[in-house]
Amino acid sequence: LGVRARNCPELVAEWLAVTGLDPDAPVTVPGAGELPFAEALGGHLEIARITPDLLRFVGERSGDRVLKRLLRPDNTGELAKWTWGRQAVDVVGALAVRAGAADWAAVLKPLQPRLYSVSSSPLVHPDEIRVTVSVVRHPNGAGRIRKGVCSTYLADRAADGPVPVFVRPTAHFRPPADPAAPMIMIGPGTGVAPFIGFLEDRRARGHTGPNWLFFGEQRQSTDFYYREELADFRASGHLDRLDLAFSRDQRNKVYVQDRMREHGLGLWDWLQNGAHLYVCGDAARMARDVDGALREIARTHGGLTEEEAAVHLKQLAADKRYVRDVY
């Protein structure tokens, strides 16, 4: 589900304050035409995310030596630390930047829709589309709370008026068409979202294939998303296996890929019996670590070499039996 969010009004007001510009100054926004600067900031420009273009622009207009040094290719690590926890307005507010409204409208990227995996089946909820949203709020290090653009829009302001949305179909990230095919789902955090819809869909269609979910978060007491729904799927026999990994509930952190290794033999047997395997969630680390665990399982329990394991996973992906929705 694509959501066309608007920026937080408080963030727009802060942008106007730090730039000292007239909210009614006309600017041209591609696809929207001429708008007052405040309206462009509110609904058409990406004003939270720090982009390379913004950093270069601020560096050039401010002449700040520290920022110019951080922008050198050999300082990417230091730059990441410097921007951690900050949003674009923090960078602009920290440095003296001489620029007009049209300059900012030209350097800021268009505000993009945010995409959420659908957490429901239309067979079960024909008049609803459900999503799973983790609301992002964090301190910026200077006493201000920074917010996720779309998550806080949905949490705080969606009731103020219609929320513009659209559906973006995915060709292959959907439950197996074969009613008897086994299904393995790996969805830590909000990555569990589509699998609630998958399980609803298989139950509504009367599919008999076994289902296995790996879910993880930080703490079971506060972060066990869909606890009751998953218990219901277990009780009805539509979720055959549920393996949990709550990383902060013990001294040594445990993640879904650790649970996969623990149950590697069973997982390998499911794959050999035609299981479809789905991964949803963080692309930067989780998906890579899960892929590594699958290769290890193929070597340990399938007797494959490193090269053969890599080829095997590529073939599963080509056969649309190893599908990922990562972000």
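Since the model is a prediction, treat every value here as computed from it, not as a measurement.

### Details of the layout of surface pockets
Space inside the second largest pocket adds up to approximately 200 Å³. Along the wall of the second largest pocket there are 14 residues; nearest its centre are R4, A5, G43, H44 and L111. Counted by class, the lining of the second largest pocket contains nine nonpolar, three polar and two charged residues.

### Notes on empty space enclosed by the protein
Considering all chains together, one arrives at one cavity of 30 Å³ or more under this definition. Of the voids in this model, the largest cavity is the one considered here, and its volume is about 30 Å³. Taken together, E46, R49, T51, L54, V107, L108 and K109 form the lining of the largest cavity. For the lining of the largest cavity, the class distribution of residues is three nonpolar, one polar and three charged.

### Here we look at the sheet that holds strand β1 (residues 2–3)
Spatially, the three strands line up as an open sheet ordered β4-β1-β7, and their pairing is antiparallel. The open sheet terminates on both sides in strands that have one partner only, identified here as β4 (114–115) and β7 (165–166).

### Looking at a positive patch on the surface
Together, R219, R248, K253 and R285 make up a region of like positive charge exposed at the surface. Position of R248 among the secondary structure elements: in the loop between β10 (241–246) and α12 (256–262).

### Some details on the packing of aromatic side chains
Inspection of every chain in the model, using the stated rule, returns 13 aromatic pairs. Measuring from ring centre to ring centre gives 5.6 Å for F173 and Y278, while their planes differ by 85 degrees; the resulting arrangement is edge-to-face. One end of the pair, F173, is in the loop between β7 and β8 (183–186); the other, Y278, is in strand β11 (residues 276–281), and 105 residues separate them in sequence. Here the two residues F173 and Y278 agree in accessibility, since each one is buried. The interplanar angle of 75 degrees and the centroid separation of 6.1 Å between the aromatic rings of F215 and F246 together place this pair among those described as edge-to-face. Of this pair, F215 sits in strand β9 (residues 211–217) while F246 sits in strand β10, and the two are 31 residues apart along the sequence. For the pair F215 and F246, a shared accessibility class is recorded, and that class is buried.

### A short note on the side chain of R146
Here R146 shows up in strand β6 (residues 145–147). Looking at R146, its side chain comes within polar contact range of the side chain of D90, at 2.6 Å. Leaving out residues up to four positions away in the same chain, R146 has contacts with L11, E14, G85, Q87, V89, D90, V136, R137, H138 and N140.

### Description of the environment of A17
Checked against the element boundaries, A17 lands in helix α1 (residues 9–19). What makes A17 exposed here is its relative accessible area of 58%. The spacing of A17 and D127 is 110 residues in sequence and 43 Å in space, taken between C-alpha atoms.

### Brief notes about unusual backbone geometry
What is expected of a backbone is that most residues other than glycine have negative phi and most peptide bonds are trans. Although it is not a glycine, Y226 sits at a positive phi angle of roughly 60 degrees. The residue Y226 is located in the loop between α10 (220–223) and α11 (227–236) in this model. Phi is positive for K320, close to 60 degrees, though the residue is something other than glycine. Within the fold, K320 resides in the loop between α15 (306–318) and β12 (322–326). Taking the relative accessible area as the measure of exposure, K320 reaches 36% and is therefore partly exposed.

### Here we look at the pattern of salt bridges
Tallied over the entire structure, the rule returns 22 salt bridges. The salt bridge involving R144 is made with E14; its shortest N-O contact spans 3.3 Å. With R144 in the loop between β5 (137–139) and β6 and E14 in helix α1, this pair connects stretches of sequence that are 130 residues apart. Residue R144 is classed as partly exposed on the basis of its relative accessible area, which comes to 45%. A salt bridge links E306 to R299, with the shortest nitrogen-to-oxygen separation between them at 2.7 Å.

### Side note on the nonpolar core
Among the nonpolar cores identified, the biggest contains 42 residues, and W15, F37, L41, I47, V58, W104 and L108 are the most heavily contacted of them. For this core, the elements supplying multiple residues, two or more each, are α1, β2 (26–29), α2 (37–43), α3 (52–62), α4 (65–70), α6 (88–94), α7 (101–107) and α8 (149–157). When sequence neighbours within four positions are dropped, the list of residues in contact with L41 reads N7, V12, W15, L16, I47 and L108. Formed by 25 residues, the second largest nonpolar core is a distinct cluster that contains V256, W268, L271 and A298.

What counts, and where the lines are drawn
- Residues numbered from 1 in each chain as written.
- Predicted model: local features only at pLDDT ≥ 70, side-chain atom pairs only at ≥ 80, totals over all residues.
- Heavy atoms only, no water.
- 1 Å grid on protein atoms, 1.4 Å probe; cavity = no way out; pocket = protein on both sides within 12 Å on 5 of 7 lines; lining within 4 Å.
- Points joined across faces, edges and corners; volume = space filled by probe spheres on them.
- Nonpolar A, V, L, I, M, F, W, Y, C, P; charged D, E, K, R; others polar.
- Pairing = 2+ DSSP bridges.
- Helix = DSSP H or I, 4+ residues; strand = E, 2+ residues; numbered from the N terminus.
- Patch = residues over 30% accessible without salt bridge, like charges linked within 9 Å, V, L, I, M, F, W, Y side chains within 5 Å.
- Areas by Shrake-Rupley, 256 points an atom, 1.4 Å probe, with all protein chains shown as cover.
- Salt bridge = Lys/Arg side-chain N within 4 Å of Asp/Glu carboxyl O.
- Lys, Arg positive; Asp, Glu negative; His and termini not counted.
- Charge placed at Lys NZ, Arg CZ, Asp CG, Glu CD.
- Phe/Tyr/Trp six-rings, centres within 6.5 Å; stacked < 30°, edge-to-face > 60°.
- Buried < 20%, exposed > 50% of the residue type's maximum accessible area, 1.4 Å probe, protein only.
- Polar contact = N/O pair within 3.5 Å; in protein donor to acceptor, adjacent residues only side chain to side chain.
- Contact = heavy atoms within 4.5 Å.
- Core = buried A, V, L, I, M, F, W, Y, C linked by side-chain atoms within 4.5 Å.

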